[in-house]
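# Notes for the structure review
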Amino acid sequence: MLSGERKEGGSPRFGKLHLPVGLWINSPRKQLAKLGRRWPSAASVKSSSSDTGSRSSEPLPPPPPHVELRRVGAVKAAGGASGSRAKRISQLFRGSGTGTTGSGGAGGPGTPGGAQRWASEKKLPELAAGVAPEPPLATRATAPPGVLKIFGAGLASGANYKSVLATARSTARELVAEALERYGLAGSPGGGPGESSCVDAFALCDALGRPAAAGVGSGEWRAEHLRVLGDSERPLLVQELWRARPGWARRFELRGREEARRLEQEAFGAADSEGTGAPSWRPQKNRSRAASGGAALASPGPGTGSGAPAGSGGKERSENLSLRRSVSELSLQGRRRRQQERRQQALSMAPGAADAQIGPADPGDFDQLTQCLIQAPSNRPYFLLLQGYQDAQDFVVYVMTREQHVFGRGGNSSGRGGSPAPYVDTFLNAPDILPRHCTVRAGPEHPAMVRPSRGAPVTHNGCLLLREAELHPGDLLGLGEHFLFMYKDPRTGGSGPARPPWLPARPGATPPGPGWAFSCRLCGRGLQERGEALAAYLDGREPVLRFRPREEEALLGEIVRTAAAGAGDLPPLGPATLLALCVQHSARELELGHLPRLLGRLARLIKEAVWEKIKEIGDRQPENHPEGVPEVPLTPEAVSVELRPLMLWMANTTELLSFVQEKVLEMEKEADQEDPQLCNDLELCDEAMALLDEVIMCTFQQSVYYLTKTLYSTLPALLDSNPFTAGAELPGPGAELGAMPPGLRPTLGVFQAALELTSQCELHPDLVSQTFGYLFFFSNASLLNSLMERGQGRPFYQWSRAVQIRTNLDLVLDWLQGAGLGDIATEFFRKLSMAVNLLCVPRTSLLKASWSSLRTDHPTLTPAQLHHLLSHYQLGPGRGPPSAWDPPPAEREAVDTGDIFESFSSHPPLILPLGSSRLRLTGPVADDALHRELRRLRRLLWDLEQQELPANYRHGPPVATSP
């Protein structure tokens, strides 16, 4: 808080020094918190996989012969929490003999690595050979009955549905009989020929369709696919095992048997005519659907099947089984043919295959052979496993099904409170793999980006990876101590580097760059080449400053101490440039959590240095002087010398704060939003930026304090000096300081010293404007208060004195206009100019004016100030103010209670500049002084590194050889 008070023998109002009180900051740091950080809630983090086996406990349909890549959202919508999930492409090549059965069944949670066949796929060979007998009742898993809706649209127009109770053992014929009874069409309750013929006349149909409107359940039902269920099929199992796709709905309808067969035949005939490749279906009187779980009819003859219609023989059932198969059974035949072709191809590739007799082989051997014929995808990036942890469970190819691919161990929960596990695309089973280990982004634009999670051991082409880096085809990515992948992207079309970057360099090749000497130790180069590369870095002009975390404190302390001592001939923004290089190195090459710690340490060092400088100035310029010792006022030259260190710190801290804000925003965008430490890192960064805010505010307060303290002793001359001296001519606009009247030179000298100081320190233009805005605010308030105070009890408000004050004020405004500060000065001197203009009005004109006209012509003056000037205006001996100058009753209270003096607490706030930093950290360092300081710091770091080595291993920095 700026404050100060002096006492002198003058009047009480002008004798007090009113200085800024309670400066406040509208900081961009607060605006940084409004940029919208997106914290995913624990409930919104889903866990699914697109590369492992299905985790559902229910059987899944057999995979198609080709690989279908789906979006994760579509997979979740199709299966939900308990539905089937997307499958890894490599799982399609696993067979029943390559894994061990877990406790969860085929494809269930108990299957390790998803190596087992799906349950429905295991049933397919049995369906081709014949229907297996139904297991005994005692061995079945008991399940509670369910309610099944059977629609009767085929019985009567507008009929709705009837609910019947069904179990997994209920056959379609039994449900038809129960539904007919609910519809009132069944025969006698005791059963008989009439009831049997009624049941035979109707069939249960499985109808698939969707409503006319967008949502299910709205609009009129429109069936698009219809299939007649066999009498022995289990509708409840059909509904459970074969689910409708998203956007479709299934229901069971009761129709006449002949009508149902006609509709089914028409549907398949239409599909065949459209060229869909559907088989030719012909109606059969009796049919069996063992694929859906119906009982087998083992022996020919009537009445042998459970619930089978009378008169159906074994030959007819055989024809039904071979000719009336489902689409899945027909797809199986083509799949078997393709498997046989691949088997022949695999056997032909084996050694000695030409001389061997190819005969029946074990299906497990065939599955093992097909795993050796994996063909990588041609339109998606993938990772090729070079080294794994468990050969029996690790796959060879890991395909990226999304633009962002996450490697990790997964888990049941992450964090406290049982929150869901983090989302993982590829599960890796190794002890050192974190639940969310590494993230790869490979969008349409190249190159891809790889980012390790916090604390995750990740290597990129043999080097430890701490920050986000580019990932090119052919790069090696190591996860933990066991997994090693090669990244491949067939979309690039071979546009990647011809030579992998992890290969040793060729003899005589050019070093990759100055930073290579610090990071590369296995590139095969000789000692001389390393020395030349290191010398090129130490003496180079690239804006790079590399250091290890253990040398950070010494480096930052050296930069701050050099800037505080003013040693050397660094450019004004040199300290901020060097500190920004340290921040840039930490943000690019060190671990994720290092940048917040560096910013906190840097802010504390700057604050301590600034506080020490403020105390030094305060000791030389004490507030209270000993009695009897006159205080020597500050001259513009002295205040410029005192304030130069503070102004330099203000300029450097402002640019450094803007640069830090940019890096923090980049860190927030690039960081993993699910990192639990990200919020803590951002809080540390906010605390560091708050300290930098405080440094800027403190240096600004101290600067304007000493400048206004110097102005305090020079401003009264603007009211007392006479610019119309004998033989002197008034200077025109843009005149030099020496050509101004003597009474104005001290005040203009303070303004000129402040302008030169801000220019030499390269202060931000926004802060320059605010500095002079505060100086002009202080000058206006001080002069107006002095004008109001000196008019009481003395003949001061006269036309002749007002003309002198108006001329002095015009000369000051003209000079400030020539210095580029005219707009700011005009705005802050408006009230003083209005008061002086009132006093400059000729007496005859002023007497004709009324209170309302004067209020209109001088709006910036308060009623109390206007009344004070009019009531003390010198009209002549014995003449008082006219009655027209009296305020109306409505403004009488404002005149009596209003204050005629300006308050110094209504100063403008300090608003820090918001925008990009003016520091230039690209291109060679052009300033020689900054280059010398950069070389000194590099050699200092080299010396610190050498001190850690034994004495016989130390050596001086290498010297670059002349070309």
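Before reading further, recall that the structure is shown in the block above.
What you see as residue numbers is a count from 1 along each chain, following the sequence as written. The predicted origin of the model limits local features to residues at a pLDDT of at least 70 and limits the giving and counting of side-chain atom pairs to 80 or more, whereas totals for whole chains, interfaces and linings rest on all residues. Side-chain numbers here rest on the full set of heavy atoms in the structure, without hydrogens or water.

## Looking at the overall build of the protein
Helix and strand labels come from DSSP, where a helix needs a run of H or I of at least four residues and a strand needs a run of E of at least two; each type is numbered from the N terminus. The secondary structure content of the protein amounts to 29 helices and 18 strands. Here the protein holds 963 residues, and the buried ones make up 43% of them. For the protein, the share of sequence-separated contacts (at least 6 apart) that also reach a separation of at least 24 residues comes to 69%. With the model as given, the accessible surface of the protein reaches about 48,200 Å², and the carbon-plus-sulfur share is 54%. Each residue is placed in one exposure class: buried if its accessible area under a 1.4 Å probe, protein chains only, is under 20% of its type's maximum, exposed if it is over 50%, and partly exposed if it falls in between. Should any heavy atoms of two residues lie within 4.5 Å, those residues are counted as being in contact. Here the open area of atoms and residues is found with the Shrake-Rupley method and a 1.4 Å probe, where only the protein chains shown may cover a residue.

## A short note on the side chain of Asp489
Structurally, the position occupied by Asp489 is in the loop between strand S17 (483-488) and helix H12 (516-519). Pairs of N or O atoms are called polar contacts if they sit within 3.5 Å, as long as, within protein, a hydrogen donor faces a hydrogen acceptor (for residues adjacent in sequence, only side-chain-to-side-chain pairs). At 3.5 Å, the side chain of Asp489 and the side chain of Tyr487 are in polar contact. Among the polar contacts made by the side chain of Asp489, one reaches the side chain of Arg491 at a distance of 3.0 Å. Beyond its immediate sequence surroundings of up to four residues, Asp489 is in contact with Pro381, His446 and Pro473.

## Some details on the sheet that holds strand S15 (residues 469-471)
Pairing between strands is defined by DSSP: at least two bridges between the two strands are required. Ordered in space as S10-S9-S11-S12-S15, the five strands form an open sheet in which the pairing is mixed. What marks the edges here is a single partner per strand, and that holds for strand S10 (426-427) and S15. Relative to S10, strand S9 (residues 404-408) runs parallel, the two being bridged by two bridges. By the bridge assignment for S10, Gly408 is matched with Phe427.

## Quick word on helix H27 (residues 863-871)
With respect to burial, H27 is a largely interior element, seven of its nine residues being buried. When H27 is considered as a whole, its buried residues turn out to be Pro863, Ala864, Gln865, Leu866, His868, Leu869 and Leu870. Looking at the buried side of H27, the elements it contacts are helix H21 (765-790), helix H24 (830-840), helix H26 (851-857) and helix H28 (889-897).

## Some thoughts on the packing of aromatic side chains
Think of a pair of aromatic rings as described by two things: how far the centres are apart, and how the planes are tilted against each other in angle. Only the six-membered ring of Trp is used, alongside the rings of Phe and Tyr, when aromatic pairs are assigned; centres must lie within 6.5 Å, and planes under 30 degrees apart are stacked while those over 60 apart are edge-to-face, with the rest tilted. For the structure shown, the criterion picks out 15 aromatic pairs. Both rings, one in Tyr398 and one in Phe485, keep their centres 5.6 Å apart while their planes meet at 90°; by these two values the pair is edge-to-face. Placement of the pair is Tyr398 in strand S8 (residues 397-399) and Phe485 in strand S17, with a sequence separation of 87 residues. Given the relative accessible area of 2%, Tyr398 is considered buried. The class for Phe485 is buried, based on a relative accessible area of 0%. One Lys or Arg, Arg251, reaches over the ring of Phe151 and ends 4.1 Å from the middle of that ring. Criterion for a charge above a ring: Arg CZ or Lys NZ at most 6 Å from the ring centre, at most 35 degrees from the ring normal.

## Observations regarding the nonpolar core
Ranked by internal contacts, the top residues of the largest apolar core, which has 128 residues, are Leu599, Ile606, Phe776 and Leu787. A total of 14 residues in this core trace back to one element, the largest contributor, which is helix H18 (residues 678-712). Excluding residues that lie within four positions of it along the chain, Leu599 makes contacts with Val583, Val660, Val664, Cys685 and Ala688. Leu385, Met400, Cys438 and Val450 belong to the second largest nonpolar core, which has 24 residues in total. In this text, buried Ala, Val, Leu, Ile, Met, Phe, Trp, Tyr and Cys residues form a nonpolar core when linked through side-chain atoms within 4.5 Å.

## Focus: unusual backbone geometry
For the bond from His446 to Pro447, the omega torsion is 5°, close enough to zero to count as cis. Tracing the backbone shows Pro447 in the loop between strand S11 (438-441) and strand S12 (448-452). The phi angle at Asn461 is positive, at roughly 55°, despite the residue not being glycine. Positionally, Asn461 belongs in the loop between strand S13 (458-460) and strand S14 (463-464). Since its relative accessible area comes to 18%, Asn461 is described here as buried.

## Regarding the pairing of strand S6 (residues 249-256)
For S6, the tally of buried residues reaches seven of eight residues, placing the bulk of the element in the interior. For strand S2 (residues 146-151) and S6, the ladder comprises two bridges, and the chain directions are parallel. Among the inter-strand pairings, Ile150 is bridged to a residue of S6, identified as Phe252.

## Notes on helix H22 (residues 799-818)
By this rule, a helix spans an expected 1.5 Å times one less than how many residues it contains. When the terminal C-alpha atoms of H22 are compared, their 29 Å separation across 20 residues agrees well with the 28 Å that a helix rising 1.5 Å per residue should span. Listed in full, the buried residues belonging to H22 are Ala802, Gln804, Ile805, Arg806, Thr807, Asn808, Leu809, Leu811, Val812, Leu813, Trp815 and Leu816. Buried positions along H22 lie against helix H19 (717-720), helix H20 (745-760), H21, helix H23 (822-828) and H24. The first or second residue beyond H22 is Gly820, which carries a positive phi of 90°.

## Some thoughts on the sheet that holds S8
Sheet architecture is open: six strands sit in the order S8-S7-S17-S16-S13-S14, paired in antiparallel fashion. The open sheet has two edge strands with one neighbour each: S8 and S14. Pairing of S13 with S14 involves two bridges; the strand directions are antiparallel. The partner of Thr459 across the bridge, within S14, is Leu464.

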